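# Reading the structure
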Amino acid sequence: MPISPRYLIIEVVTALLFTIGAGVALRENVPLAVLPAWTLIVISVGSACTDCELRIIPDAFTISGMVLALLWSVLVPGRTGVLESLGWTVAQIGAVGLFGASAAIGGKLLFHRDALGWGDVKYLMAVAGLTGLPGALFSMLAGSILALLWLLFDVHLLHLLLCILRVFPEVR
């Protein structure tokens, strides 16, 4: 059975991201900082692939990402003490969880359908634990922009296909 090109692309992208993460950690002279970076890469690549394929982000990625974020905050506390680092990590995970829950419930009430799934909320909580609030906000903004671009691209392709099939005869 031949290897799928998608598999090859995912493996190459993951290897490049791991290499970049290790390079940054070594350049900053904090080799243990590679642990949260690699955790983020694993849950991000795994979540993205699974979400595109099945439209779900598994708890195996998100919850283990949050647990590992707590562990890394103790093992790699950075410039603060262990307790302060752990406290900040818990606070950031909780803050993003509250924000995400508000967005999920508010979106459901406003649009009468899921605007933000609970897997997305838990993924953002894991990102917040691993990168802090700015990383979670960036992830949410980047994800929203990419989703919008995907939607526009997808709609454009659908319209083009319908034009080719002469469903819209005015466009040739």
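Here, every reference points to the structure presented above.
All of these numbers come straight from a predicted model, not from anything done at the bench. Sequence order sets the numbering: in each chain, residues are counted from 1 along the sequence as written. Where totals are concerned, whole chains, interfaces and linings use all residues; where local detail is concerned, this predicted model gives features only for residues with pLDDT of at least 70, and gives and counts side-chain atom pairs only at 80 or more. Heavy atoms throughout the structure, all of them, feed into the side-chain values; hydrogens and water do not.

### A short note on the environment of Ala22
Relative to the helices and strands, Ala22 is located in helix α1 (residues 5–27). For the pair Ala22 and Trp38, spaced 16 residues apart in sequence, the C-alpha to C-alpha distance is 8.3 Å. Aside from chain neighbours lying at most four places away, what touches Ala22 is Val34 and Trp38. Secondary structure elements follow DSSP: runs of H or I of four or more residues count as helices, runs of E of two or more count as strands, with numbering from the N terminus. Whether two residues are in contact is decided by their heavy atoms, any of which lying within 4.5 Å being enough.

### Points about the packing of helix α2 (residues 34–54) against helix α5 (residues 118–131)
Contact pair α2 / α5: the axes reach a minimum separation of 10 Å and the direction vectors enclose 165°. Viewed along their axes, α2 and α5 adopt a mutual orientation that is roughly antiparallel. Crossing of α2 against α5: the hand is left-handed. Residue-level contacts link Pro36, Thr39, Leu40, Ile43, Ser44, Ser47 and Asp51 of α2 to Asp120, Tyr123, Ala126, Val127, Leu130 and Thr131 of α5. For every element, the axis is a line fit to its C-alpha atoms; helices are fit only across the contacting stretch, and the angle between N-to-C directions ranges from 0 to 180 degrees. Geometric relationships in this document are graded by angle, where less than 35 degrees denotes roughly parallel, more than 145 denotes roughly antiparallel, 65 to 115 denotes roughly perpendicular, and other angles denote oblique. Each crossing gets its handedness from the near helix: less than a right angle anticlockwise from the far helix is left-handed, clockwise is right-handed.

### Brief notes about unusual backbone geometry
At Arg55, a residue that is not glycine, the phi angle is positive and equals roughly 60°. Here Arg55 is to be found in the loop between α2 and α3 (59–75). Arg55 sits in the exposed class, given a relative accessible area of 72%. Positive phi values are uncommon outside glycine, yet His112 reaches one of about 60°. Summary of the burial criterion: residues with accessible area below 20% of their type's maximum are buried, those above 50% are exposed, and those between are partly exposed, where the area comes from a 1.4 Å probe applied to protein chains only.

All we've got here are geometric facts, nothing functional implied.
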